[in-house]
Amino acid sequence: MSTPEHDRRIDYIEFGATQLEPIKSFYAKAFGWTFTDYGPHYSSFSDGRLEGGFTTDSPVGQGALIVLYASDLEACLERVRAAGGQILQAIFSFPGGRRFEFADPSGNRLAVWSQ
């Protein structure tokens, strides 16, 4: 994933879910998505082109969390801050990499991840 064409582009979409099994069953049956579980609160999906995830740790019904990729996470965080973004969650590790979350000037919540 660390190729230049992926830098600072939308890479992942994350949805809140009340329960993982029903949501996985729905998207598997309706759209043929496949899933990989990462513990009891998170499951990633693939639709064959785009990847994303469902988590029971985020609010439901507030829209998807759009996740961008950055080859240099620290530099990207500083660019976001300098451009007027509000850092909502500092850089943290998760299975597969690290990320931070921010709000844009209109209050939209997004995240940026890196390996």
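As a reminder, the structure under discussion sits directly above these lines.
Scope of this entry: the structure provided in the associated data block. (Residues numbered from 1 in each chain as written. Predicted model: local features only at pLDDT ≥ 70, side-chain atom pairs only at ≥ 80, totals over all residues. Heavy atoms only, no water.)

Here we look at the overall build of the protein
For the record, the criterion: Helix and strand labels come from DSSP, where a helix needs a run of H or I of at least four residues and a strand needs a run of E of at least two; each type is numbered from the N terminus. Based on C-alpha atoms, the radius of gyration is set beside the globule rule, defined as 2.2 Å times the residue count to the power 0.38. Type-normalised accessible area, obtained with a 1.4 Å probe on protein chains alone, sets the label of each residue: buried when under 20%, exposed when over 50%, and partly exposed for intermediate values. Residues count as neighbours in contact if any of their non-hydrogen atoms are within 4.5 Å of one another.
Each helix and strand in the protein was counted, giving two helices and eight strands. Its helices and strands in sequence order give the protein the pattern β-α-β-β-β-β-α-β-β-β, from N to C terminus. Whereas a compact globule of 115 residues would reach a radius of gyration of roughly 13 Å, the protein reaches 15 Å, a difference of no more than 12%. By principal-axis analysis of the C-alpha atoms, the protein measures approximately 45 × 30 × 20 Å. For the protein, buried positions account for 35% of its 115 residues. Put simply, of all contacts in the protein between residues at least 6 apart along the chain, 51% involve residues at least 24 apart.

Some remarks on the sheet that holds strand S7 (residues 97-103)
Definition in use: Note: two strands are recorded as paired if DSSP finds a minimum of 2 bridges between them. Simply put, an axis is a line fit to the C-alpha atoms, just over the touching stretch for a helix, and the angle between two N-to-C directions goes from 0 to 180 degrees.
Reading across the sheet, the eight strands line up as S2-S3-S4-S1-S5-S8-S7-S6 and stay open at both edges, with mixed pairing between neighbours. Looking at the sheet topology across the chains shown, the edges are occupied by strand S2 (34-37) and strand S6 (86-94). Direction aside, the axes of adjacent strands within the sheet are offset by 25° on average. Strand direction decides the pairing type here: strand S1 (residues 9-16) and strand S4 (residues 51-55), joined by four bridges, are parallel. Directly across from Glu14, in S4, lies its bridge partner Gly53. Seen against the sheet, helix H2 (residues 73-82) touches S6, S7 and strand S8 (109-114) and runs at an angle of roughly 0° to S7.

So, the packing of aromatic side chains
Centre distance and the angle of the planes are the two values used to describe a pair of aromatic rings. In plain terms, the rule: Working definition: rings of Phe, Tyr and Trp (its six-membered ring) pair if their centres are within 6.5 Å, and the pair is stacked with planes under 30 degrees apart, edge-to-face with planes over 60 apart, and tilted otherwise.
Counted under the stated rule, the structure contains 15 aromatic pairs. Look at Tyr27 and Phe31: their rings are 5.9 Å apart centre to centre, the planes differ by 25°, and that puts the pair in the stacked class. Placement of the pair is Tyr27 and Phe31 together in helix H1 (residues 20-31), with a separation of four residues, close to one helical turn. What makes Tyr27 buried here is its relative accessible area of 18%.

Re H1
For the record, the criterion: By this rule the span expected of a helix is its residue count minus one, scaled by 1.5 Å. What the arc covers is the set of directions going from the helix axis to the C-beta atoms.
Between its first and last C-alpha atoms H1 spans 16 Å; for 12 residues at 1.5 Å apiece the expected length is 16 Å, and the two agree. Among all positions in H1, only Leu20, Lys24 and Tyr27 are buried. Seen from one end, H1 has its buried residues packed into an arc of 75°, which puts them on one side. Exposed residues pointing more than 90 degrees away from the buried face of H1 are listed as Glu21 and Lys29.

Focus: the pattern of salt bridges
This is how the line gets drawn: For salt bridges, the criterion is a side-chain nitrogen of Lys or Arg within 4 Å of an Asp or Glu carboxyl oxygen.
Evaluation of the coordinates by the stated rule reveals eight salt bridges. For the salt bridge of Glu21 with Lys24, the shortest nitrogen-to-oxygen distance reads 3.2 Å. With Glu21 and Lys24 both in helix H1 and three residues apart, the pair spans about one turn of that helix. Judged by its relative accessible area of 11%, Lys24 falls in the buried class. A network of salt bridges, in which partner residues are shared, links Glu14, Arg99, Glu101 and Arg109.

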